[in-house]
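Here are the chains, one letter per residue:
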Amino acid sequence: MREETAGAVIRVRRREERDLDACVRVLAAVHQRDGYPVDWPAAPAEWLTGAGSLGAWVAASDGAVVGHVGLGRGAEGDAAPGLWSAREGAAAAPVAVVGRLFVAPAARGHGIGARLMAAAVEEARLRGLHPVLDVVASDTAAAALYERLGWTLLATVEQRWGPDRRVSVRAYAAPRGATATATATAAEGA
């Protein structure tokens, strides 16, 4: 997927091993500016690869990595998969969890997050899985993106992130039926 944005060529492609150092640098800039991830991982490259068991993508602007997203089966403690299954009952499709989404602060405002989400959603649907995700409730910019893309808020729940720490998390599910590309295009126009 290749598109020109504000004079720069933006390309979303599968993440390769050689991208990890650049992804960690972008993640560090995002963490410094926005506090994502909430807790800086001891091994950030491993943190990124752990979430992409079904696939991971980067956005590159003129060859430089400016964004990332992963797609996985989910982990213990993820709220969205259980909430989706409870809501849909026996008819619930198995899920894939979208995660590790971030865009370099200097590259924002060009629809890159929506395009990365489209890549993850498309892969999930190709596998017959319904995309879901969890986001820290205080990350209002991410929640706004998901809602612009038509994702449904399943619930806001408290998660235990340690013996003395609870964090409020919003769980979302992707819209049904809309193609990932159409959803991303609509969000870019919003």
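All figures in this text were calculated on a predicted structure; none of them were measured in a lab.

## What to know about the confidence of the model for the chain
Considering every residue of the chain, the mean pLDDT works out to 89; 88% of them sit at 70 or more. Here residues 180-190 scores under 50 on pLDDT; set against residues more than four positions off or in separate chains, the count is 17 contacts.

## So, unusual backbone geometry
Glycine aside, residues mostly have negative phi, and peptide bonds are mostly found in the trans state. Cis rather than trans, the peptide bond between Tyr 36 and Pro 37 has omega equal to -5°. Here Pro 37 lies in the loop between helix 1 (20-34) and helix 2 (44-50). For Asp 62, which is not a glycine, the phi torsion comes out positive at approximately 50°. Its location among the elements puts Asp 62 in the loop between strand 3 (55-61) and strand 4 (64-72). Of note in this structure, Arg 100 is not a glycine but carries a positive phi near 55°.

## Quick notes on the pairing of strand 3
Most of strand 3 sits inside the fold, with seven of its seven residues counted as buried. Alternating positions in strand 3 separate into two faces, Gly 55, Trp 57, Ala 59 and Ser 61 on one and Ala 56, Val 58 and Ala 60 on the other, with burial throughout. Where strand 2 (residues 8-14) and strand 3 come together, five bridges link them in antiparallel fashion. Directly across from Arg 14, in strand 3, lies its bridge partner Trp 57. Relative to strand 4, strand 3 runs antiparallel, the two sharing seven bridges. Residue pairing in the sheet places Trp 57 in a bridge with Val 69 of strand 4.

Cut-offs and rules
- Residues numbered from 1 in each chain as written.
- Predicted model: local features only at pLDDT ≥ 70, side-chain atom pairs only at ≥ 80, totals over all residues.
- Heavy atoms only, no water.
- pLDDT = per-residue confidence, 0-100.
- Contact = heavy atoms within 4.5 Å.
- Helix = DSSP H or I, 4+ residues; strand = E, 2+ residues; numbered from the N terminus.
- Buried < 20%, exposed > 50% of the residue type's maximum accessible area, 1.4 Å probe, protein only.
- Pairing = 2+ DSSP bridges.

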